[in-house]
Amino acid sequence: MAYHGINGAANVPNPILTVSTPQIYAVTIRDSTGRCQFSYPVRINISPAMDADAGKDTTLCSVGTFTVQGSAINAVRFQWSAQRNFSTIIGENVRQAVNLTRGNNLFYLRTTDALGCVEIDSVAIRAFPLLASVPASITACLPDDRKDITVTNGDPGQTLSYRWSPSNLIISDPNAGPTAIIRAQTGATVSVVVTNQAGCSATFNTRLEVLNLPSILTIEAAKNPIKEGETTTLTVRGCQDCTVAWSPSTGLGNTNGAAVSASPDKTTTYVATVSKAGCVDTLSITLVVEECVEPFVPNAFTPNGDNINDILYARLKDYQEMRMIIYNRWGQEVFDTRDPQVGWDGTYRGRQLPPDVYGYYVYVLCPNGAEFKKSGSISLIR
Ligand SMILES: [Ca+2]
């Protein structure tokens, strides 16, 4: 078989031609004898350009659903794909919903005309929402304390710029860096406008809290002073969720907690170290223990009615039982009491006794079982 035609093109069944205008070509097919031949016209149509356009490249500050808009002249079919080879077709709409992910999104539009000719265009959608965060709140220990607030960049691919406010709370350069140095004020809010290189920005707020432990804490003992052997409770008030550590441990039921039981043997100053959120304050309380000690009896008194030193008392601190007996120089008891509030007024059976030297005997039993026995002489002076 031989092929001839198409303006003298090669003797092949499928010649490749370059055409610029519509034209009719012919192919002649002839057998080897040259006696049989056949001619056939071939019309070459040239389709006009569709000018397929997938839309304008865009930068967005959001991800998710987006509509791309294609255009083409005389196209009969629109196809969208995220792959240049259109291995997966997203849809066939002129206005096509697509899903944007963070970063660069490239979509391809393939248009087809009535003759089956295709054109391909692409559109780049850059989706770059701002990804950043700041702490919701920060806690300072005292008013006007300096604290740092730092913006966390949620995407290493982001280059961020910052604008901090209000200026009265920002000590550092309000336009510099992810970290601002601020001056703590109770209840104030620090804001930062963060913008990424795509121009996407957002405002973030950090609430300032000032703990000011010294202004809110108090310390108290349920009972103070206490007697030897007695137990009371020491309490730090004013902070619900603070950690409290007590020292020294001597005489304490435990050394942690807002309230601890205390039963020291002697007067002790306890220190409570109170902490919360990195802030620490210390308070102290002196718990006085009335110790059971040797009683004191004066060596003279003047029961002359001038209200000065008219009554003789045995002076005691913490005791469980006591007794005081006074006797005259002949050994006769003239006074006997088991109550230290009751003293001797220098009388016996209603009569004033004469000035003389009298003897006394005092007995004290302490709460811890210790005993004091003391005797001596007293001058009655009028
Ligand atoms: Ca007197």
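Residues numbered from 1 in each chain as written. Predicted model: local features only at pLDDT ≥ 70, side-chain atom pairs only at ≥ 80, totals over all residues.

### What to know about the overall build of the protein
Phase 1 of the analysis: What the protein contains, in helices and strands, is 1 helix and 33 strands.
Phase 2 of the analysis: Computed over the C-alpha atoms, the radius of gyration of the protein is 52 Å, more than 25% above the 21 Å expected from 2.2 N^0.38 for a compact globule of 382 residues.
Phase 3 of the analysis: Judged by the C-alpha coordinates and their principal axes, the protein covers about 180 × 45 × 25 Å.
Phase 4 of the analysis: Evaluated residue by residue, the protein yields a buried proportion of 20% over its 382 residues.
Phase 5 of the analysis: Partitioning the contacts of the protein with sequence separation of at least 6, the portion at a separation of at least 24 is 56%. (Helix = DSSP H or I, 4+ residues; strand = E, 2+ residues; numbered from the N terminus. Rg over C-alpha atoms; globule rule 2.2 N^0.38 Å. Buried ≥ 20, exposed ≤ 12 C-beta atoms within 10 Å, placed from the backbone. Contact = placed C-beta atoms within 7 Å.)

### Section: the sheet that holds strand 18 (residues 201-210)
Phase 1 of the analysis: Ordered in space as 12-18-17-15, the 4 strands form an open sheet in which the pairing is mixed. Either end of the sheet is taken by a strand with one partner, and the two such strands are strand 12 (137-140) and strand 15 (160-165). Geometrically, the sheet is characterised by an average inter-axis angle of 25 degrees between neighbouring strands, direction not taken into account.
Phase 2 of the analysis: Sheet topology places strand 15 next to strand 17 (residues 189-196); 6 bridges connect them, and they run antiparallel. Note on strand 17: the bridge partner recorded for Ser161 is Thr195. (Pairing = 2+ DSSP bridges. Axes fitted to C-alpha atoms, helices over the stretch in contact; angles between N-to-C directions.)

### Some words on the pairing of strand 33 (residues 371-380)
Phase 1 of the analysis: Here 2 bridges tie strand 27 (residues 300-301) to strand 33, and the two strands are oriented parallel to one another. Bridged to Ala300 within strand 33 is Ser379.
Phase 2 of the analysis: Sheet topology places strand 32 (residues 356-365) next to strand 33; 10 bridges connect them, and they run antiparallel. Considered in strand 33, the bridge of Val362 is made with Lys374.
Phase 3 of the analysis: What sits between the antiparallel neighbours strand 32 and strand 33 is a turn of 5 residues, in which Gly369 has the positive phi angle 95 degrees.

### Quick notes on the sheet that holds strand 25 (residues 279-287)
Hydrogen bonding along the main chain pairs the strands of a sheet, whether they run parallel or antiparallel.
Phase 1 of the analysis: What the 3 strands build is an open sheet, ordered 22-24-25; its pairing is antiparallel. Every other strand in the sheet has two partners, leaving strand 22 (243-247) and strand 25 as the edge strands with one partner each. This sheet shows a mean twist of 20 degrees between the axes of neighbouring strands, independent of strand direction.
Phase 2 of the analysis: When strand 24 (residues 268-276) meets strand 25, the two strands line up antiparallel, connected through 9 bridges. By the bridge assignment, Ala272 is partnered in strand 25 with Leu283.

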